Amino acid sequence: MFGIGVPEMLVIAMVAMLVFGPDKLPDLARQFGGFVRTVRQMAENAKNDLGRELGEDFSQMSLKDLDPREVVRKNFLEDGGLGDTTPAPVRETRILRPGEAPPYDPEST
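Residues numbered from 1 in each chain as written. Predicted model: local features only at pLDDT ≥ 70, side-chain atom pairs only at ≥ 80, totals over all residues. Heavy atoms only, no water.

Q: Where do I start with the overall build of the protein chain in this structure?
A: The helix and strand tally for the protein chain stands at three helices and zero strands. Moving toward the C terminus, one meets the helices and strands of the protein chain in the order α-α-α. A buried classification covers 4% of the 109 residues belonging to the protein chain. For the protein chain, the exposed surface amounts to about 10600 Å²; the carbon and sulfur share of it is 61%. (Helix = DSSP H or I, 4+ residues; strand = E, 2+ residues; numbered from the N terminus. Buried < 20%, exposed > 50% of the residue type's maximum accessible area, 1.4 Å probe, protein only. Areas by Shrake-Rupley, 256 points an atom, 1.4 Å probe, with all protein chains shown as cover.)

Laid out in structure tokens, this is it:
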């Protein structure tokens, strides 16, 4: 969770024990649990409201699908590129004769 391992959690618990004391710590843990529950409920309500406003086409979309990093990963990295990456057919080339000027395209410069 957030890159926090067991040793870090133990240090946080010990600091909380020293700062708040053992008598207030259970009440604070209960309040924190209620806060987490409220935030989860608010996120779920926002997700439901967004799905209802966007309509049936987007009802199966998750909030993770709206993350720009996920869009790039899904559309560019998983497909292997920007859609169709087959090379264009190569035109036949001919060898220039001595003294012949190469073809010139004024739009290319």
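Here the narrative resumes, following the displayed structure.
Q: Mind showing me how you'd approach a nonpolar patch on the surface here?
A: A cluster of nonpolar side chains, contributed by Val-11, Val-15, Leu-18, Val-19 and Phe-20, occupies part of the molecular surface with about 520 Å² of accessible area. Position of Val-11 among the secondary structure elements: in helix H1 (residues 6-20). (Patch = residues over 30% accessible without salt bridge, like charges linked within 9 Å, V, L, I, M, F, W, Y side chains within 5 Å. Salt bridge = Lys/Arg side-chain N within 4 Å of Asp/Glu carboxyl O.)

Q: What is the right way to read the pattern of salt bridges from this model?
A: One pass over the full model with this rule turns up five salt bridges. The residue Arg-52 makes a salt bridge to Asp-49 at a minimum N-O spacing of 2.2 Å. Remark: Asp-49 and Arg-52 occur in helix H2 (residues 25-54); sequence separation between them is three residues, near one turn of the helix. A salt bridge links Arg-94 to Glu-100, with the shortest nitrogen-to-oxygen separation between them at 2.6 Å. Note on Glu-100: relative accessible area 28%, which makes it partly exposed.

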